[in-house]
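Take a look at the letters that make up each chain.
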Amino acid sequence: MTVRRLFLRWQFLAAVVLPGWLAVGWALFGSGGWNTLGLIISLPATFLALLVIAFLVNARPTVREQRAVAWGDAGVLGAWHLAIVGAGFYGATAVPFTVLAIGLAVVAFWWSIWQLVRDGAQRMQASMAEFERLAAEQRGGSAEPKRMPPHDLGEVIVVRESRDPE
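The rules behind each value
Throughout this document, residue positions are counted from 1 along each chain, in the order its sequence is written. In keeping with the predicted nature of the model, local features appear solely for residues at pLDDT of at least 70, side-chain atom pairs appear and are counted solely at 80 or more, and the whole-chain, interface and lining totals rest on all residues. No hydrogens and no water enter the side-chain calculation; it runs on all heavy atoms of the structure. For the purposes of this entry, the term helix denotes a DSSP run of H or I that reaches at least four residues, the term strand denotes a run of E that reaches at least two, and both are numbered from the N terminus. Computation of the radius of gyration draws on C-alpha atoms, with the globule rule given as 2.2 Å multiplied by the number of residues to the power 0.38. We call two residues in contact whenever any of their non-hydrogen atoms come within 4.5 Å of each other. Surface exposure here means Shrake-Rupley accessible area, sampled with a 1.4 Å probe, where a residue is shielded only by the protein chains that are shown. Asp and Glu are treated as the negative residues and Lys and Arg as the positive ones, with His and the ends of the chain left uncounted. For charged residues, the charge sits on one atom: NZ in Lys, CZ in Arg, CG in Asp, CD in Glu. We count a salt bridge whenever a side-chain nitrogen from Lys or Arg sits within 4 Å of a carboxyl oxygen from Asp or Glu. Accessible area is worked out with a 1.4 Å probe on protein chains only. A residue is then buried under 20% of its type maximum, exposed over 50%, and partly exposed in between. Stacked, edge-to-face and tilted labels apply to pairs of Phe, Tyr and Trp rings (six-membered ring for Trp) whose centres lie within 6.5 Å, assigned for plane angles under 30 degrees, over 60, and everything in between, in that order. Fitted lines through C-alpha atoms give the axes, limited to the stretch in contact for helices. The angle between two N-to-C directions lies from 0 to 180 degrees. Roughly parallel means an angle under 35 degrees; roughly antiparallel, over 145; roughly perpendicular, 65 to 115; everything else is oblique. Gly is put with the polar residues, along with every residue not named as nonpolar or charged; the nonpolar set is Ala, Val, Leu, Ile, Met, Phe, Trp, Tyr, Cys and Pro, and the charged set is Asp, Glu, Lys and Arg. Take the buried residues of types Ala, Val, Leu, Ile, Met, Phe, Trp, Tyr and Cys, join any two whose side-chain atoms come within 4.5 Å, and each joined set is a nonpolar core. Surface patches are drawn from residues lacking salt bridges whose relative accessible area is over 30%; two like charges belong together within 9 Å, two nonpolar side chains (Val, Leu, Ile, Met, Phe, Trp, Tyr) within 5 Å. Here a helix's expected span is defined as the number of its residues, less one, multiplied by 1.5 Å. The angle between axes fitted to the seven residues ending at a residue and the seven residues starting there is what we call the bend at that residue.

*Asks:* Even after reading the chapter, I still don't get the overall build of the chain, so can you show me in this structure?
*Replies:* What the chain contains, in helices and strands, is five helices and zero strands. Listing each helix as α and each strand as β along the chain from the N terminus yields α-α-α-α-α. Here the C-alpha radius of gyration of the chain, 29 Å, is well above what a compact globule of 166 residues would show, namely 15 Å. For the chain, the C-alpha atoms occupy an extent of roughly 95 × 55 × 20 Å along the three principal directions. In the chain, of all internal contacts separated by at least 6 residues, the share reaching a separation of at least 24 is 75%. Counting every atom, the chain has about 11800 Å² of accessible surface; 67% of that belongs to carbon and sulfur. Taken as two groups, the 14 positive and 12 negative side-chain charges of the chain have centres that lie 18 Å from each other.

As structure tokens, this is what we get:
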């Protein structure tokens, strides 16, 4: 549980730290104009992707209740963060790590969306089960709704509105 809680806090720090690592890694290991152009494009994209996915993960009610990410989140997001760190070394393995980081970003996005929808569906099922339980309790425990007998109102007077001034 401690690892999952730390990972929840780490995701928002990672939105700043990992793009910063890409800039520091470029200064230490990178060279050439194409790397500079790639850095100009990748830093804001990495920041936004990390931030959006962190908010998607944090939007889930179970994550907010437990104050911890799920193990699946920790695995997918941890692999993505490690791929970003690997891409920041700008050596011979920079291209494979960059491709891996982009692929894992897509996987992390759809994983977060799927988990959010699944968590919402489970919440809705639990709410509907509770609603049905309370409704059955009010009906006296029967599954069939009680029908009210027809009610005779007796004599009825109908008043019609007229718009004539007469």
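There is more to say after this.
*Asks:* Looking at this structure, I do not really get the pattern of salt bridges. What am I missing?
*Replies:* Opposite charge on two side chains permits them to pair, given that their charged atoms come into close proximity. According to the stated counting rule, one finds five salt bridges in the structure shown. As a salt-bridge pair, Glu-137 and Arg-133 come within 3.1 Å of each other at their nearest N and O atoms. A residue pair is termed a helical-turn pair when its members lie 3 or 4 positions apart in one helix, as Glu-137 and Arg-133 do in helix 5 (residues 94-138) at four residues. For Glu-137, a relative accessible area of 53% puts it in the exposed group. Its salt-bridge partner being Glu-161, residue Arg-163 comes within 3.9 Å of it at the nearest N-O pair. Here Arg-163 falls in the exposed class, since its relative accessible area comes to 75%. Overlapping salt bridges bring together Glu-130, Arg-133 and Glu-137 as one network.

*Asks:* I'm lost on the packing of aromatic side chains in this one. Help?
*Replies:* Two aromatic rings are characterised by how far apart their centres lie and by the angle between their planes. In this structure the tally under the stated criterion is five aromatic pairs. Seen in terms of ring centroids, Phe-12 and Phe-55 are 5.3 Å apart; in terms of plane orientation they differ by 65°. Their pairing is edge-to-face. Of this pair, Phe-12 sits in helix 1 (residues 2-29) while Phe-55 sits in helix 2 (residues 33-58), and the two are 43 residues apart along the sequence. Judged by relative accessible area, Phe-12 falls into the partly exposed class, the value being 29%.

*Asks:* Explain the packing of helix 1 against helix 2 to me, please; I cannot follow it from the model alone.
*Replies:* Each pair of packed helices gets described by two things: the angle between the helix axes and the distance between those axes. Interhelical geometry of helix 1 versus helix 2 gives an angle of 175° and a closest axis separation of 9 Å. When the axes of helix 1 and helix 2 are compared, the pair comes out roughly antiparallel. Per-class residue counts for the contact of helix 1 with helix 2 are 19 nonpolar, six polar and no charged.

*Asks:* Would you explain the nonpolar core in this entry?
*Replies:* One broad rule of soluble globular proteins: the nonpolar side chains tend to lie buried together. One finds Leu-77, Trp-80 and Ile-84 to be the most contacted residues of the largest nonpolar core, which totals 23 residues. Taken together, the elements giving at least two residues each to this core come down to helix 1, helix 2, helix 4 (71-87) and helix 5. Those residues in contact with Trp-80, other than ones at most four positions away along the chain, are Ala-49, Leu-50, Ile-53, Ala-101, Leu-104, Ala-105 and Ala-108.

*Asks:* Explanation requested: the environment of Phe-55 in the structure shown.
*Replies:* Assessed through its relative accessible area of 49%, Phe-55 is described here as partly exposed. Sequence separation between Phe-55 and Trp-110 is 55 residues; the distance between their C-alpha atoms is 13 Å.

*Asks:* Sorry if this is basic, but what is going on with a nonpolar patch on the surface here?
*Replies:* A surface patch of nonpolar side chains, amounting to about 450 Å² of accessible area, comprises Leu-13, Val-16, Val-17, Phe-47 and Leu-48. Secondary-structure elements contributing two or more residues to the nonpolar patch are helix 1 and helix 2. Positionally, Leu-13 belongs in helix 1.

*Asks:* What's the story with helix 2 in this structure? I'm lost.
*Replies:* At 3.6 residues per turn, the α-helix brings residues three or four places apart onto the same side. The first and last C-alpha atoms of helix 2 sit 38 Å apart over 26 residues, in line with the 38 Å expected at 1.5 Å per residue. Maximal helix bending in helix 2 amounts to about 30°, located at Ser-42; proline Pro-44 follows within four positions. Among the residues of helix 2, Leu-39, Thr-46, Leu-50, Ile-53, Ala-54, Leu-56 and Val-57 are the ones counted as buried. Each element contacted by the buried residues of helix 2 is listed here: helix 1, helix 3 (61-66), helix 4 and helix 5.

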